[in-house]
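Residue strings, one per chain:
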Amino acid sequence: MALAAAFGAMLRTADGVRIDAAHTPNGSLDLGIVVAHGFTGTWRGPDTRRIVHVLSKFGGVVSFDFRGHGRSAGQSTVGDLEVLDVDAAVKHARAIGYRRIATIGFSMGAAVVVRHAALHGGVDRVVSVSGPARWYYRGTKPMRQVHWAIERWHGRLAARLVKRTRIAGGGWDPVPLPPYEAAALVAPTPLLIVHGDSDPFFPIEHAYQLYECAGEPKELWIEPGYGHAEAAATPGLVRKIGHWISRTKTP
């Protein structure tokens, strides 16, 4: 399967961080879709490129590397200042000329797009895939490993060497608005929450907490057999999400 052509761009966030991005057009300026990858991901990775290819059947796509990831500058704050990265991508999509903008995030990216919609607005629909509802969750082995990479200097070194992810040390001060509280502020923008019942990182209670806190309009899809984020997302699931994005109308 040949992937759609992507045109590179270098964005700059409100706090001055250079963000590596790409625009994958589909011939229409009706709908632009901003894709936010998960922790240690990159828009150049095969999983994200595959998702972008499927979504490009529904609208033009802007994908990017979060700060501290891939070819973007800065250091990862693991969901805090990343809202500025999403905002830069949304503004880029508007500058291209897209009339409607949807954001879709995976895992960490899911938390960020929900927080972005709550704090910055300016989007027409939001999709959270495999997202956490709250911070500091350590209830699964994969999440304990993630916290080791974030909180220990040798974990941050390993992430830098193995995943090309540069993580800021020192922790959050103050602690950013958690996703479940942010979800309550997204309405009236439509919010779709997608979660797998086989997610090894975040159990489905996270999806239910996000959904219960969110206002209408909202939808919750618990996908049987689906694991976590980009790597487990099948083309069929991505197409289903693409249909929801393209058909859902903003109140």
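How each quantity is defined
Residues numbered from 1 in each chain as written. Predicted model: local features only at pLDDT ≥ 70, side-chain atom pairs only at ≥ 80, totals over all residues. Heavy atoms only, no water. Core = buried A, V, L, I, M, F, W, Y, C linked by side-chain atoms within 4.5 Å. Buried < 20%, exposed > 50% of the residue type's maximum accessible area, 1.4 Å probe, protein only. Helix = DSSP H or I, 4+ residues; strand = E, 2+ residues; numbered from the N terminus. Contact = heavy atoms within 4.5 Å. Pairing = 2+ DSSP bridges. Right-handed = clockwise from strand over helix to strand, strands pointing away. Phe/Tyr/Trp six-rings, centres within 6.5 Å; stacked < 30°, edge-to-face > 60°. Salt bridge = Lys/Arg side-chain N within 4 Å of Asp/Glu carboxyl O. Axes fitted to C-alpha atoms, helices over the stretch in contact; angles between N-to-C directions. Parallel < 35°, antiparallel > 145°, perpendicular 65-115°, else oblique. Left-handed = near helix turned anticlockwise from the far one by under 90°.

Caption draft 1: Layout of the nonpolar core. Among the nonpolar cores identified, the biggest contains 45 residues, and Val-34, Phe-64, Val-86, Val-126 and Leu-191 are the most heavily contacted of them. The biggest single contributor to this core is helix H2 (residues 82-96), with 7 residues. Other than its neighbours up to four places away in sequence, Val-126 contacts Thr-103, Val-113, Val-114, Ala-117, Val-186, Thr-189, Pro-190, Leu-191, Leu-192 and Trp-244. Judged by nonpolar contacts, the second largest core, of 25 residues, contains Ile-51, Ile-104, Ile-241 and Trp-244.

Caption draft 2: Geometry of the pairing of strand E6 (residues 125-129). Counting buried positions along E6 yields 5 of 5 residues, so the element is predominantly enclosed. Both faces of E6 are covered, namely the face carrying Arg-125, Val-127 and Val-129 and the face carrying Val-126 and Ser-128. Two strands pair when backbone bridges link them, and strand E5 (residues 100-106) and E6 are joined in this way by 5 bridges, in the parallel orientation. Its bridge partner being in E6, Gly-105 is matched across the sheet by Ser-128. Regarding the hand of the β-α-β motif, the stretch spanning E5, helix H3 (residues 108-119) and E6 is right-handed.

Caption draft 3: Summary view of the packing of aromatic side chains. Counted under the stated rule, the structure contains 4 aromatic pairs. Arranged with centres 5.6 Å apart and planes meeting at 65°, the rings of Tyr-136 and Trp-172 form a pair that is edge-to-face. Of this pair, Tyr-136 sits in the loop between E6 and helix H4 (141-151) while Trp-172 sits in the loop between helix H5 (153-163) and helix H6 (179-183), and the two are 36 residues apart along the sequence. Where Tyr-137 meets Phe-202, the ring centres are 6.1 Å apart and the plane angle is 45°; that geometry is what we call tilted. Here Tyr-137, found in the loop between E6 and H4, pairs with Phe-202, found in the loop between strand E7 (191-196) and helix H7 (205-213); they are 65 residues apart in sequence, far enough to count as distant. With a relative accessible area of 5%, Phe-202 lands in the buried category.

Caption draft 4: Expanded view of the side chain of His-147. Among the structural elements, His-147 can be located in helix H4. Owing to a relative accessible area of 9%, His-147 belongs among the buried residues under this scheme. Discounting residues that sit within four places of it in the chain, His-147 has contacts with Tyr-136, Tyr-137, Arg-138 and Arg-152.

Caption draft 5: Spotlight on the pairing of strand E8 (residues 218-223). Pairing geometry for E7 and E8, over 6 bridges, is parallel. Residue Gly-196 lies in a different strand from E8, and its bridge partner there is Glu-223. In this region the chain leaves E7, passes through H7 and returns to the parallel neighbour E8; the handedness of that crossover is right-handed.

Caption draft 6: The arrangement of the pattern of salt bridges in detail. Under the definition given, this model contains 10 salt bridges. The partner of Arg-100 in a salt bridge is Asp-30, with the nearest N and O atoms 2.6 Å apart. One end of the pair, Arg-100, is in strand E5; the other, Asp-30, is in the loop between strand E2 (18-24) and strand E3 (31-36), and 70 residues separate them in sequence. Taking relative accessible area as the criterion, Arg-100 reaches 15% and is therefore assigned buried.

Caption draft 7: Region of the structure containing the packing of helix H1 (residues 46-55) against helix H9 (residues 235-247). One can describe the packing of H1 onto H9 by two numbers: an axis separation of 9 Å at closest approach and a directional angle of 45°. By the criterion of interaxial angle, the relationship of H1 to H9 is oblique. By crossing handedness, the relation of H1 to H9 is classed as right-handed. Residues Arg-50, Ile-51, Val-54 and Leu-55 of H1 lie in contact with H9, whose contacting residues are Pro-235, Val-238, Arg-239 and Gly-242.

Everything listed is a geometric property; what it means functionally is a separate question.
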